[in-house]
Amino acid sequence: MNANELKKSVAIAALDYIYPGTIIGVGTGSTVSYFIKALSSVKNLVHGAVSSSRSSTFFLKKYGIPVYNLNDIKSLTLYIDSADEINFKLQMIKGGGAALTKEKIIASVAKTFICIVDESKLVKVLGKFPLPIEIIPMSVSYILSELIKLGGNPKVRKNIVTENGNIIIDVYNFKILNPIGIEEKINSLPGVVSVGLFATRTANIALVSTQSGIQIIKS
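Predicted, not measured: the structure shown is a model, and the values here were computed from it. Just so you know, the residues in each chain are numbered from 1, in the order the chain's sequence is written. Local features in this predicted model are restricted to residues whose pLDDT is 70 or higher, and side-chain atom pairs enter the listing and the counts only when it is 80 or higher, whereas totals over whole chains, interfaces and linings include all residues. Hydrogen atoms and water are omitted, and side-chain values are computed over all heavy atoms in the structure.

Trainee: When you look at the sheet that holds strand S14 (residues 213–218) in this model, what are you seeing that I'm missing?
Mentor: The strands that make up a sheet are held in pairs by hydrogen bonds between backbone atoms, and each pair lies either parallel or antiparallel. Strand pairing is assigned whenever DSSP detects at least two bridges linking the two strands. Think of it this way: any DSSP run of H or I at least four residues long counts as a helix, any run of E at least two long counts as a strand, and we number them from the N terminus. Strand order in the open sheet formed by seven strands is S3-S2-S1-S4-S7-S13-S14, and the pairing between neighbours is mixed. The sheet is open, and its two edges are formed by strand S3 (67–68) and S14, each paired on a single side. Two strands pair when backbone bridges link them, and strand S1 (residues 23–26) and strand S2 (residues 48–51) are joined in this way by four bridges, in the parallel orientation. Within S2, the residue paired with Val 26 across the bridge is Ser 51. The contact rule is simple, with two residues in contact once any of their heavy atoms fall within 4.5 Å. Only the stretch in contact is used when a helix axis is fitted, and all axes are lines through C-alpha atoms; the angle between N-to-C directions ranges over 0 to 180 degrees. Helix H1 (residues 3–13) contacts strand S7 (112–118), strand S13 (205–210) and S14 of the sheet and is inclined by roughly 140 degrees relative to S13. Here helix H3 (residues 54–62) sits on the sheet in contact with S1, S2 and S3, set at roughly 165 degrees to S2.

Trainee: I tried to follow the nonpolar core on my own but got confused; where do I start?
Mentor: A general tendency of soluble globular proteins is for nonpolar side chains to be buried together. The biggest cluster of nonpolar side chains holds 23 residues, and the ones touching the most others in it are Ile 18, Ile 24, Val 26, Phe 35, Leu 39, Ile 116 and Leu 207. When residues in this core are grouped by element, the largest group, five residues, is from helix H2 (residues 30–40). Those residues in contact with Ile 18 that sit more than four places away from it in its chain are Ile 24, Phe 35, Leu 39, Val 46 and Leu 78. Definition used in this section: a nonpolar core is a set of buried Ala, Val, Leu, Ile, Met, Phe, Trp, Tyr and Cys residues joined via side-chain atoms within 4.5 Å. Burial classification: accessible surface area is computed with a 1.4 Å probe over protein chains only, and a residue below 20% of its type maximum counts as buried, one above 50% as exposed, and the rest as partly exposed. Membership of the second largest hydrophobic core comes to 22 residues, among which are Ile 23, Met 92, Ala 110 and Cys 115.

Trainee: It is not clear to me how the side chain of Thr 22 should be interpreted in this structure. Could you clarify?
Mentor: As for its placement among the helices and strands, Thr 22 is situated in the loop between H1 and S1. Given a relative accessible area of 16%, Thr 22 falls into the buried group. In this structure the side chain of Thr 22 is engaged in a polar contact, spanning 2.7 Å, whose partner is the backbone oxygen of Tyr 19. Other than its neighbours up to four places away in sequence, Thr 22 contacts Leu 45, Val 46, His 47, Gly 48 and Thr 77. Definition of a polar contact: a pair of N or O atoms within 3.5 Å, with one able to donate and the other able to accept a hydrogen when the atoms are protein atoms, and with sequence-neighbouring residues admitted only if both atoms are side-chain atoms.

Pasting the structure below:
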């Protein structure tokens, strides 16, 4: 299977985890786009979705799936999203699509977080994919200097303004051996809105699409 076929396969596999009559959280990205399309085939099973981005909201509505505001629902049983990288402890780097803050909020609320990825995203050590950080614009110089101290090579992502009106710094060449500690340190920097390191709130289950089938990893 090629990359798109692997993404489609794992997106379809995620349908088995949906409880009828619930509202589910839906993430952002190319794999999630396949999931939204797959969800449309069984949309009568769910009451609707909470979306992490305008893009996902557009496609959910396109397929006739109601979209709810997170503040208007009492609980969220399930969140399904992808990752830019995930390790065997189910810690992740997310935010390549610049939706990391809303993704982290929804993940924190959800009782179960299922990460759907193809096998290329499964790594032993996080950091080959640049770590995204959403920041308030006035803090950029300060945060760049602090990230250099941590050992990374930070760069402002060009021509990107998040849905929250902020900017993204991507940290390159950053071998993340202590994901929880790095997440806590970056989150403590004034001006940081959210870091795309999901180490404290990991996925509960990872569905990994491989050439030989779906691999299931549980935390």
